[in-house]
Amino acid sequence: MEAFAPAVWLEVHLVGGFNDDRQLSQKLTNQLLNSSALPPLTDSFAVLVITGAFDLQPEDVHLVTFCVTELNDREEQDIHFPIIYGIAVNVKTAEIFPATFPEKGPDEDLRSAHVLTGAPLTNIYDAKTEQLQIGPYFWGPFPHVDFWLEQDDAQILQNLSTSPLAEPPHFVSHIRSTLTFLKEHPFPSRSLFPDRKPRIYKKNEEGLWEQACSDKI
């Protein structure tokens, strides 16, 4: 390594999305690259855009994995599906591999409700303390929650999914559980976060998440 070269670099892995009918995956990829004004990405054009975006970064960035939109797409009977739904990382070896997550972690309904009410995705894991910090979250009564809970599975799938034909089997039951949670907690500032403090979790000796007292953190 030359003397003027940076001693540390960032390795980037982009995985996710597919050729959905609404082209939402392509739009999200554009937003990720801060290039929302660009037309839908093709494989080759996307690599050029990403390379240009990385060139503008002060850090030395290495694109290691690029598996998005068309590169993560499979087709069955004229219906498009993702090849990979999720990935995991071995933090000791840096190995990346396809993964599913049957265990969703603590407060799944709470976290899902936060997103379903329109909040942006947020990082809840603190790598320094090795803790989850969930909330505090605030929202008002969810519009027409009783109406949605009365709908059949097909209506929920068609209206509350961005890709109805490609959702995993548990999607509808997950949405119903989240809607029920929103109905039970129309004002989380009163029922869930009256002290305006986050819910904090850390792993015990068995590797399971358990809630910690916020006052002791």
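Heads up: the structure comes first, above all this text.
This is a predicted model, so every value here is computed, not measured.

Cut-offs applied
- Here the residue index of a chain counts from 1 through its sequence in written order.
- At least 70 in pLDDT is required for a residue's local features to be given in this predicted model, at least 80 for side-chain atom pairs to be given and counted, and no such filter applies to totals for whole chains, interfaces and linings, which use all residues.
- Values shown for side chains rest on all heavy atoms present in the structure; no hydrogens or waters enter the calculation.
- Two aromatic rings from Phe, Tyr or Trp, using only the six-membered ring of Trp, form a pair when their centres are within 6.5 Å; if the ring planes differ by under 30 degrees the pair is stacked, by over 60 it is edge-to-face, and anything between is tilted.
- Think of it this way: any DSSP run of H or I at least four residues long counts as a helix, any run of E at least two long counts as a strand, and we number them from the N terminus.
- Buried means the residue's accessible area, taken with a 1.4 Å probe over protein chains only, is under 20% of the maximum for its type, while exposed means over 50%, and partly exposed covers the values in between.
- To define a nonpolar core, start from buried Ala, Val, Leu, Ile, Met, Phe, Trp, Tyr and Cys residues and group those joined through side-chain atoms within 4.5 Å.
- The criterion used for residue contact is that any of the two residues' heavy atoms lie within 4.5 Å.
- Geometry is summarised by axes, namely lines fitted to C-alpha atoms with helices restricted to the contacting stretch, and by angles between N-to-C directions that run from 0 to 180 degrees.
- Our angle categories are set so that under 35 degrees counts as roughly parallel, over 145 as roughly antiparallel, 65 to 115 as roughly perpendicular, and the remainder as oblique.
- Any residue outside Ala, Val, Leu, Ile, Met, Phe, Trp, Tyr, Cys, Pro, Asp, Glu, Lys and Arg is labelled polar, Gly included; the first ten of those are nonpolar and the last four are charged.

Colleague: How should the packing of aromatic side chains be read in this particular structure?
Modeller: Geometry of an aromatic ring pair is reported as the spacing of the ring centres plus the angle between the planes. Counted under the stated rule, the structure contains three aromatic pairs. For the pair Y137 and F193, a centre-to-centre distance of 6.2 Å together with 70° between the ring planes defines the contact as edge-to-face. Taken together, the residues span a long stretch of sequence, with Y137 in the loop between β8 (131-134) and α4 (145-150) and F193 in the loop between α7 (188-191) and β9 (199-203) at a distance of 56 residues. Taking 6.5 Å as the distance between ring centres and 70° as the angle between the ring planes, the aromatic pair formed by F138 and F193 counts as edge-to-face. Linking F138 in the loop between β8 and α4 with F193 in the loop between α7 and β9, this pair joins segments that are 55 residues apart in sequence. Note on F138: relative accessible area 44%, which makes it partly exposed. Residue F193 is classed as buried on the basis of its relative accessible area, which comes to 0%. Members of the aromatic cluster, each reached through a chain of ring pairs, are Y137, F138 and F193.

Colleague: Would you mind going over the nonpolar core with me for this structure?
Modeller: In summary, soluble globular proteins display a tendency toward joint burial of nonpolar side chains. Counting 20 residues, the largest nonpolar core has L110, I134, Y137, W139, F142, L179 and F181 as the members making the most contacts within it. For this core, the elements supplying multiple residues, two or more each, are α3 (108-116), β8, α4 and α6 (171-184). At six residues, the largest contribution of residues to this core is made by α6. Setting aside residues up to four positions removed in sequence, F181 forms contacts with D109, L110, A113, W139 and L192.

Colleague: Which parts of the structure should I look at to understand the packing of helix α5 (residues 153-160) against α6?
Modeller: For any two helices packed against each other, one specifies the crossing angle of their axes together with the interaxial distance. Axis separation between α5 and α6 bottoms out at 10 Å; the angle between their running directions is 85°. Between α5 and α6, the angle is such that the two are roughly perpendicular. Only F171, V172, I175, R176 and L179 of α6 make contact with α5, whose side of the interface consists of D153, I156, L157 and L160. Counted by class, the contact of α5 with α6 contains seven nonpolar, no polar and two charged residues.

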